[in-house]
Structure formats: C-alpha cells, structure tokens
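# Reading the structure
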Number of protein chains: 2
Amino acid sequence: MYEIETGAICPHAHHALTGPHMDEHTPDTPVDETEAGPDQGRPTLKTIAFMTGLGVTTVSRALKDAPEIGAATRKRVQMIARQIGYRPNRAGVRLRTGKTNVISLILDTEEQVGGFVSDIIYGISEALAKTSYHLIVTPYSRNNDPLEPVRYVVETGSADGIIISRTEPDDKRVRYMIEHGFPFATHGRTDMGISHASHDFDNYEYAAQAVRKLASLGRRRLALLAPPSNLSYYHHMRDGFADAIAECGLTEIPINGVTLDHSIQEVRQKTAQMMRRELRPDGFVSGSGSSTFALVAGTEDAGLEIGRDVDIVSKQSSKLLHLLRPQIFAVDENVRLAGFELARSVMGSIAGKDIASLQTLSKPGDAFQDKQG
Amino acid sequence: MYEIETGAICPHAHHALTGPHMDEHTPDTPVDETEAGPDQGRPTLKTIAFMTGLGVTTVSRALKDAPEIGAATRKRVQMIARQIGYRPNRAGVRLRTGKTNVISLILDTEEQVGGFVSDIIYGISEALAKTSYHLIVTPYSRNNDPLEPVRYVVETGSADGIIISRTEPDDKRVRYMIEHGFPFATHGRTDMGISHASHDFDNYEYAAQAVRKLASLGRRRLALLAPPSNLSYYHHMRDGFADAIAECGLTEIPINGVTLDHSIQEVRQKTAQMMRRELRPDGFVSGSGSSTFALVAGTEDAGLEIGRDVDIVSKQSSKLLHLLRPQIFAVDENVRLAGFELARSVMGSIAGKDIASLQTLSKPGDAFQDKQG
DNA sequence: TCCCAAATCTGAAACGTTACAGATTGAAAG
DNA sequence: CTTTCAATCTGTAACGTTTCAGATTTGGGA
C-alpha cells in the first residue's frame, strides 16, 4: 500500500518510481477532473476527493471541521479518511501555511550532566505525543556562539518554536527571539524585564533548604558548588544559599575556580585541595548529581568521610547518589517534568496563549531523602 | 530581514501577514515575469532569478552544479546566493522530491541507562552537523509495539532514514523496513540472514575479556548481569561469557529474574538475596554502569566488600564507576561514537552505498581500567 | 550560405495543501 | 413569480522546488 511512499523517500529509487507515478495525465487527452485515477501510494486529499466525489477544497475543510461544510458530508469525509489512513502531507502543509509542526530543542553538546538530556527529551516527547508536533534536536557546542543555532532555526524557519536551556539573566537568545516574534520557552528564567514562557526549578528554595538542613546537623562552614556565574540559576542558587547562611548564622567557605560545568577530574582535584586546608568546609551544597560524585571523591581523597567529617546535600536527576554514599542528602529534580512543561509552554506560546499561564516553577519538594533514600 | 519568515511561522500572525505577501500579482494586470517585485522576507530561487535576470530553473541548476550551466553563470549565481544568505526551503524540496533530509532516531522512553541517550544523540548530531540532515526523535514506550513508531515514520515518510536500538536477533522492525525498502541502521546486529547497516559494540569480546580478568584475579564462580534475552547483545554477551568460563575452567552462578532492564531497586534486592546464599558468586560481569550501582549496593547490603569478597567488571558509558568504588574494573563503551557511526551508516544507506561499508563493530579496547581508573 | 549539433538557457507542470473568490443550490421573503 | 440569502460546495492560485520538454544562441562543418 505504501510502496510508492517509501520509494519516493529512498533517493536511489527515485528515477525508477517517479516515472509511472500518477499516470492519469496522458499527454494527448486533457485531464478529466472526474477521473482522478486509481489511488496508489499514500492517500492525499485528492484520493479522498475522488472517493467521495467531492472537491479537494471541500475535503480539506471537512477534515478540519469547518462550519461551512454539511454535517453529513463532514462525517462521510472523516470516515473515509480514517478508513484509508489519511495523514496530511507535512511538506504540503508546511509549504502552504509556513507551519512546520516542529519544536526545536537546542542542546549544548558539551553537557556533562548524565541523564539530563534523556529526561528532558522524554518529557518533551510525552507532551508532544498526542499532538502533531515533532521534536527536532539542534545541537551546538558551548565553544561556539549560542545564538547561532537559534538564528539558524529562526532564519530558516525550521521549527515553529524553540526550547533553550542554560538561560542567562540577560540572554541574547531570548532578546533575539522576542525581537523576531519567534515563539520559545526557556529552561530557566531571565531577568530582562520581559515576560516569556519558561520553566524553572526553584534553586533559591533548594539551596536555602539545603543550608538549613546542614545547619540542623550542626554544620557551620558551608561551601556551595554552583553553576557557572553567567547562568541565571547561579544567582538563584547563590542567593538562596547566602540568605540561609545569614539566617542561620553560618559562614561560607567559597569554592573558587570550579563550577558544575567543570569536569569531574577538575572538581575532584579542587575539592581534595580544599579539604586538606585548615579551614575546610564541613558541609557541601551541590547543584548536580555528577558533580557530587567528584565532590565525594575529592573529599575522600583528603582522607575525610561523608557523614562524619562533612555532610553533603545535592540535587540529582537520576537516583544514583544514595547508592554512591547513603549518607548524602539528595533532592530530586524532575527533569522529565521540566521537559514536559517546557513543551507545553512553547506550544502555548505558539498558540498565542497568555504568557502568565506558560511560566512554571518547580518546587524542590520535601524530598530531603535521609540515609535510606 | 526575516520578518516575514518568522511571521509566517507564528500561526497567530497568519492572517495579518499573508495578505500583503508578494503583491506583484495585481488582479487586473497580468503578471509580468521580468519584474519579480522587490525581494522581501526570506530569499527564494525567485529572488535570485530576479537579481540575476535568469530563470528559476537556471538558478536551481546553477546552485547544484549542473553541467549544462555555463561556468560564469554558475559562479555568479552561487556568489549572489551566498551573499544574500539563500537557504533552500525544506518544505519545497521535500514536497517536490520526497526527500525530507531528516533522520529519525527511534527511542525507547523507558530507557534506564543514564547518559546513553544523550551521548548517542550527540554522536548523531556530530555526524549530521555538516550535512543538510536534521535529527528528529521519535519516542515509543517499551510497553507498546516497537514496530509502531517505525511504521509511523515509514508510512508518513517523515524521515529519509531510521536509527533503531534494542535490536533483536529476529527483528520485525528490520524486516518491515527491508520489505519497504526503507533505509535504516541498527544499534546492534541481527541474525536474520540479511545484511544491513549497523553499528555494534563487541559484547562477546567484552564478556570474554571480563571473565579472563576475573579468572586472573583468582575468581572462580562468576555471575553475569545480562540484558533481557530478547535483545541481540544478550546472546553475544552470554556467548562470550560462557566460552571464556569454559576456557578458564570456571563455573557460572546464574542470575535469575533480573536483567539490565530492571530497576535499580530490583537488581539491588536480587543481588543482596543472592549474595547471602551459600554458593554465591565471587565475581560479577555487568553489562551496564547503572546496573552496577545496584550490584554494588546489593553486595554491600549482604555485608560483602567489593575487591575483597567479590570483584566486578562492568561496562560504563559515563565515567562514574571508579568514583563509586575504585575497585571496580570498568570498560568504556563509547556511545557517542556509536551515534556517530550510526548516523554515518544510515546516511550511507540512504545514499545506496555498499552495505559492507556500513557495518562497524567497536572493540572493547584494552581499557580494563585498574583500581586507579 | 545553410544546416546541425552543442551549449545554455527557459517556461510549464507538478508535488499536497489551504485561502480566496466565486458558483450552485434550495428555500424563505417580497 | 421573482428576489434574496444562507448553506454548501467548487476551481484556481499560490507556497518553493525540481523535472520535463523545449527554446534560443553559438559555432563549426559542409
């Protein structure tokens, strides 16, 4: 049934198949509209038009429940369409309307965080599953200009909406998309005085709770392993950390030179260095699971023990931390949910929905899992 | 410059923008071909045709280096195209030729393995970066029919080629795609007497080497934590394991009821159970990093110690295992490379290249990283 | 001088869809 | 018995591209 279809898709079979394709148009006799020829290959509006005896316009409208089509006709057309498994040709729609039915997820391919990308993709997929949207992944390297992939998608119109992460307080990608009226949603918030679709994890709250937890354990000198300072959530996390430090009357031991973006080796080394010093932290707040692996390793390199000499509170997106060291206090960040929300947001943005409804903030939950997970 | 473009993409702006779009056709005067109107919005072939004074056909051919175009014209057209940033409209090409310039990665959204998906996507992206291909992710749930997403892509022609994983020895998706002449590449091999594009990690070799390593450590009773038995690489891994067991004169302690697909909790529990028995294994071969986390936890639940009571050899795609327990012997599987190779393979398949050149097997390398990683 | 072939170039048609501007009904209103 | 109007339906054109079947020019050979 779909032979032509697959043929048409397989380039090396082009010449063989495009020849006898729809040979209703014999060069001598002019086209007779009433005989649209036997349907072959994938059904189109023309196929249905032929089967129902209607015009393609009518069929097109009937399928999208236009009001000017009789109820009987509408039902008849839709029935046949379902029967023969009609699917609108995406290229046709896209060419005609400019609507691509595609969401582009723009990804940093240097991303360290294991599982982050999988989860966000699964979440997006879940939200897109019942819609006509497809998900396309547009990668870029952190070394290059992050604006470039955005510009590419906007300029070539290869998607109807964009999802970005690694959002900055003053984000030029956001500015660009706003200026071009292009729908998008950001993972993380901005601080540009502009309202736009976004989803974020409440890192302020997380860091504050983490500090309080450590304070309640009697820890006094805390260190924060934070994201790079250009990212929005650096500030949230840092503010939550600082506020709670002040609130609890603790002191901060700054970690210089490494962030969540650094390699495990670098973090491990830096941690070991720090933990061998006189005035070392007795508590860590960590922004990501994989970095916490390095934190633990570095701490133990220095001969110290988690839970005894130092406590760690860490975010995680997978559930591995309490297997690494059961003493770690792990807070789950549901990245799959983030993906889901981001997809909903960007679709809402495309549909022109009210922006207020497209901004969500995920709370850390009461998930300070204790020694047993 | 791209205002029209973005407008055309943003559905809620349609009506506003399709009106004054290219108003060269005034209803009274017939079209004068020589005045193609001022180019606005995204440049098309028509734009270039107007600028050069050539026909669109000529421009189209000039851009693809057709031989029947004069060298001077060709250069002139290409120069202008570059100048004004011409990009062929994907929908136009796709509608006309049937070529989508899209590769579909079909993903099981139940996937446990953290980082696996990210890496394979990064690898694919890398291979696609310099081409005109886009990557689209087509998800499915393991509970549903795995053929369904494949059928969807083939029937709707939403991609030129497909990449699948979780390949089975007798894989109905492979059969389906072959029957429909649809280009694809599989992550993992089949055993159907059909030759097709694929990439695989040599799990036979991995398991055999793992067993020999454990044997060299004096371990005698080995257990294999294997993939589910329907997958191809189950057999490879199991055969390598069994052959080396025989070769070294060791015995196998079978693990029943859990596979790499099972949750960490399940594996952990099962492992603990097993390790409390009289005749427990003194060596593990594990097929994935995250499962090894569970293996370690379960072993320690039973009061045993890695490196003393039992040794573990495990594959990993991230580098976390030696941070978990430095005693683990980890073998790296480069999933990013797998993605890269798969993308190359499927593109080769689309281009009709010789299949022999599209089959690659990645060797485990000499990477039996010792206690220090 | 004429003709033919090669070298360049060209318009028309088509891919499948939707928007526009009617066309065709039947029935209600005058 | 018209006229009008709403309710349905329809053909044409257009989106941007490539293919087909020429058209035009040039130059060489006779």
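Each chain carries its own residue numbering, running from 1 in the written order of its sequence. Throughout, the order in which chains and ligands are written sets their labels, letters from A for the former and numbers from 1 for the latter. The predicted origin of the model limits local features to residues at a pLDDT of at least 70 and limits the giving and counting of side-chain atom pairs to 80 or more, whereas totals for whole chains, interfaces and linings rest on all residues. By convention in this description, side-chain values take in all heavy atoms of the structure and omit both hydrogens and water.

### Structural notes on the overall build of chain A
A run of H or I in DSSP becomes a helix once it reaches four residues, and a run of E becomes a strand once it reaches two; helices and strands are each numbered from the N terminus. Along the backbone of chain A there are 15 helices and 11 strands. Per-residue burial over chain A gives 53% buried out of 373 residues. The contact criterion used throughout is that any non-hydrogen atoms of two residues lie within 4.5 Å. For chain A, the share of sequence-separated contacts (at least 6 apart) that also reach a separation of at least 24 residues comes to 65%. Using a 1.4 Å probe, the Shrake-Rupley method yields the accessible areas, and only the shown protein chains count as cover for residues. Accessible surface for chain A amounts to roughly 16,400 Å². Of this, 50% is attributable to carbon and sulfur atoms. Relative accessibility under 20% of the residue-type maximum defines a buried residue, over 50% an exposed one, and the middle range a partly exposed one, all with a 1.4 Å probe and only protein chains included.

### Description of the relation of the copies chain A and chain B
The fit set for superposing copies consists of C-alpha atoms from residues with pLDDT of at least 70 in both; the fit itself is least squares. By a simple turn and slide, chain A fits onto chain B: the slide is 0.0 Å along the axis, the RMSD is 0.0 Å, and the turn is 180°. The transformation just described matches what one would write down for a two-fold rotation axis. When the interface residues of chain A are mapped onto chain B, 100% of them are again interface residues, pointing to one common binding face.

### Regarding the sheet that holds strand S6 (residues 221-225) of chain A
Residue and element names in this part refer to chain A. In space, the five strands of this open sheet follow the order S7-S6-S8-S9-S10, with parallel pairing throughout. In the strand order of this sheet, the two ends are held by strand S7 (251-252) and strand S10 (329-332), each with one partner. As defined by bridge partners, S6 adjoins strand S8 (residues 283-286) across four bridges and the pair is classed as parallel. Residue Leu-225 lies in a different strand from S8, and its bridge partner there is Ser-286. In this fold helix H11 (residues 232-248) packs onto S6, S7, S8 and strand S9 (311-316), with an angle of close to 175° to the strand it touches most, S6. Against the sheet, helix H13 (residues 289-301) contacts S6, S8 and S9, and its axis sits at roughly 160° relative to S9. Strand pairing is defined by DSSP finding a minimum of two bridges between the two strands. Convention adopted: a line fitted to C-alpha atoms gives each axis, helices being fitted over their contacting stretch, and angles between N-to-C directions are expressed from 0 to 180 degrees.

### Some points on the packing of helix H7 (residues 116-128) of chain A against helix H7 (residues 116-128) of chain B
Here H7(A) crosses H7(B) at 90°, and the two axes come no closer than 6 Å. When the interaxial angle is binned, H7(A) and H7(B) end up roughly perpendicular. Contacts between H7(A) and H7(B) pair Val117(A), Ser118(A), Ile121(A) and Tyr122(A) from the former with Val117(B), Ser118(B), Ile121(B) and Tyr122(B) from the latter. Partitioned by chemical class, the residues of the contact of H7(A) with H7(B) number six nonpolar, two polar and no charged. In these notes the angle categories are as follows: under 35 degrees is roughly parallel, over 145 is roughly antiparallel, 65 to 115 is roughly perpendicular, and the rest is oblique. Amino acids outside the nonpolar list (Ala, Val, Leu, Ile, Met, Phe, Trp, Tyr, Cys, Pro) and the charged list (Asp, Glu, Lys, Arg) are all regarded as polar, and Gly is one of them.

### Points about the interface of chain A and chain B
By a frequent convention, interface size equals the accessible area lost on bringing the separate parts together. Of the residues lining the interface, 63 residues belong to chain A; the matching set on chain B comes to 63 residues. Between chain A and chain B, a total of about 5,200 Å² is buried, with carbon and sulfur atoms accounting for 64% of that surface. Any carboxyl oxygen of Asp or Glu within 4 Å of a side-chain nitrogen of Lys or Arg constitutes a salt bridge here. Remark: the boundary between chain A and chain B carries zero salt bridges. By the criterion applied in these results, polar contacts are pairs of N or O atoms within 3.5 Å in which, for protein atoms, one can donate a hydrogen and the other can accept it, and in which residues neighboring in sequence qualify only through two side-chain atoms. The interface formed by chain A and chain B includes 12 residue pairs in polar contact (both at pLDDT 80 or more). Summed over both partners, the accessible surface that disappears when two parts come together, traced with a 1.4 Å probe, is what is meant by buried area.

### Let's talk about the side chain of Asp311(A)
Residues and elements named next belong to chain A. The topology assignment puts Asp-311 in strand S9. Side-chain polar atoms of Asp-311 contact the side chain of Arg-219, separated by 3.0 Å. Every residue in contact with Asp-311, bar those within four places of it in the chain, is listed here: Leu-214, Leu-217, Arg-219, Asp-282, Gly-283, Phe-284, Gln-327 and Phe-329.

### Overview of the sheet that holds strand S1 (residues 102-108) of chain A
Spatially, 12 strands are ordered S11(A)-S5(A)-S4(A)-S3(A)-S1(A)-S2(A)-S2(B)-S1(B)-S3(B)-S4(B)-S5(B)-S11(B) in an open sheet, and the strand pairing comes out mixed. Since the sheet does not close on itself, it has two edges, and those belong to strand S11 (359-362) of chain A together with strand S11 (359-362) of chain B, each with one partner. Taking each pair of neighbouring strands and ignoring which way they run, the sheet shows an average axis angle of 20°.

### Some details on the environment of Ser232(A)
All names here are of chain A. You can see Ser-232 is positioned in helix H11. Overall, the relative accessible area of 4% leaves Ser-232 in the buried class. Apart from residues lying up to four places away in sequence, Ser-232 is in contact with Thr-167, Glu-168, Pro-169, Arg-189 and Thr-190.

### Here we look at helix H12 (residues 264-275) of chain A
Residue count minus one, scaled by 1.5 Å, sets the expected span of a helix. Relative to the 16 Å expected for 12 residues at 1.5 Å per residue, H12(A) spans 16 Å between its end C-alpha atoms, a close match to the ideal helical length. Taken together, the buried positions of H12(A) are occupied by Ile264(A), Val267(A), Thr271(A), Ala272(A), Met274(A) and Met275(A). All buried residues of H12(A) fall inside an arc of 165° around its axis, so they share one side. In H12(A), those exposed residues whose orientation departs by more than 90 degrees from the buried face are Gln265(A) and Gln269(A). Elements that come into contact with the buried residues of H12(A) comprise S6, S8 and H13 of chain A together with helix H14 (321-324) of chain B. When we speak of the arc, we mean the arc of directions from the helix axis to the C-beta atoms.

### Considerations on the nonpolar core
Core analysis: the biggest nonpolar cluster contains 51 residues, and Phe284(A), Phe293(A), Phe284(B) and Phe293(B) have the highest contact counts within it. Taken together, the elements giving at least two residues each to this core come down to S6, H12, H13 and helix H14 (321-324) of chain A together with strand S6 (221-225), helix H12 (264-275), helix H13 (289-301) and H14 of chain B. The contact partners of Phe293(A), leaving out residues within four places of it in the chain, are Leu320(A), Leu321(A), Leu324(A), Phe293(B), Leu320(B) and Leu323(B). Take the buried Ala, Val, Leu, Ile, Met, Phe, Trp, Tyr and Cys residues and link them wherever side-chain atoms come within 4.5 Å; each set so joined is a nonpolar core. Grouped together as the second largest cluster of nonpolar side chains are 48 residues, Val117(A), Ala197(A), Ile350(A) and Leu107(B) included.

### Focus: helix H5 (residues 71-83) of chain A
Residues and elements named next belong to chain A. With 13 residues, H5 extends 18 Å from end C-alpha to end C-alpha; this agrees with the ideal 18 Å at 1.5 Å per step. What H5 keeps buried is the set Val-77, Ile-80 and Ala-81. Within H5, the buried residues cover an arc of 105° as seen down the axis, which keeps them to one side. Along H5, the residues that are exposed and aim more than 90 degrees away from the buried face are Ala-71, Ala-72, Lys-75, Arg-82 and Gln-83. Next to the buried residues of H5 lie helix H3 (45-52) and helix H4 (56-63). Gly-85 sits one or two positions beyond H5 and adopts a positive phi of about 70°.

### Let's talk about the side chain of Thr47(A)
All names here are of chain A. Tracing the backbone through its elements, the reader meets Thr-47 in helix H3. What makes Thr-47 buried here is its relative accessible area of 5%. Within polar-contact distance, the side chain of Thr-47 engages the backbone nitrogen of Thr-44 at 2.8 Å.

### Details of unusual backbone geometry
Residue and element names in this part refer to chain A. Backbone geometry places Asp-65, a non-glycine residue, at a positive phi of 55°. A positive phi angle, close to 55°, is found at Arg-166, a residue other than glycine. Structurally, Arg-166 can be placed in the loop between strand S3 (161-164) and helix H9 (172-179). Judged by its relative accessible area of 15%, Arg-166 is buried.

### A word on the confidence of the model for chain A
The predictor rates its confidence in each residue with pLDDT, a number between 0 and 100. Chain-level statistics for chain A give a pLDDT mean of 88 and a share of 86% at 70 or above. Every residue in residues 1-36 of chain A is under pLDDT 50, and counting partners more than four places away or in other chains gives 50 contacts.

### What to know about the protein's contact with DNA strand C
Of all residues adjacent to DNA strand C, which total 26 residues, the nearest are Ser60(A), Tyr86(A), Arg96(A), Thr58(B) and Thr73(B). Within 4 Å of the protein, atoms of DNA strand C come from sugar and phosphate in 62% of cases. Contacts to DNA strand C include Leu45(A), whose backbone N or O atom sits 2.8 Å from a phosphate oxygen. Contact distances for DNA strand C include 2.9 Å between a phosphate oxygen and a backbone N or O atom of Gly70(B). Contributing elements (two or more residues each) for the surface near DNA strand C: H4 and helix H6 (90-97) of chain A together with helix H4 (56-63) and helix H6 (90-97) of chain B. Broken down by element, the surface near DNA strand C gets its largest block of residues, four residues, from H6(A). When we say a residue is near a molecule or strand, we mean one of its heavy atoms is within 4 Å of it.

### A look at the pattern of salt bridges
Counted by the stated rule, this structure contains 44 salt bridges over all chains. Close ionic contact of Glu333(B) with Lys315(B) constitutes a salt bridge, the shortest N to O distance being 2.8 Å. Placement of the pair is Glu333(B) in the loop between strand S10 (329-332) and helix H15 (335-350) and Lys315(B) in strand S9 (residues 311-316), with a sequence separation of 18 residues. The class for Glu333(B) is buried, based on a relative accessible area of 16%. Within the structure, one salt-bridge network assembled from shared partners comprises Asp108(A), Arg142(A), Arg166(A) and Asp261(A).

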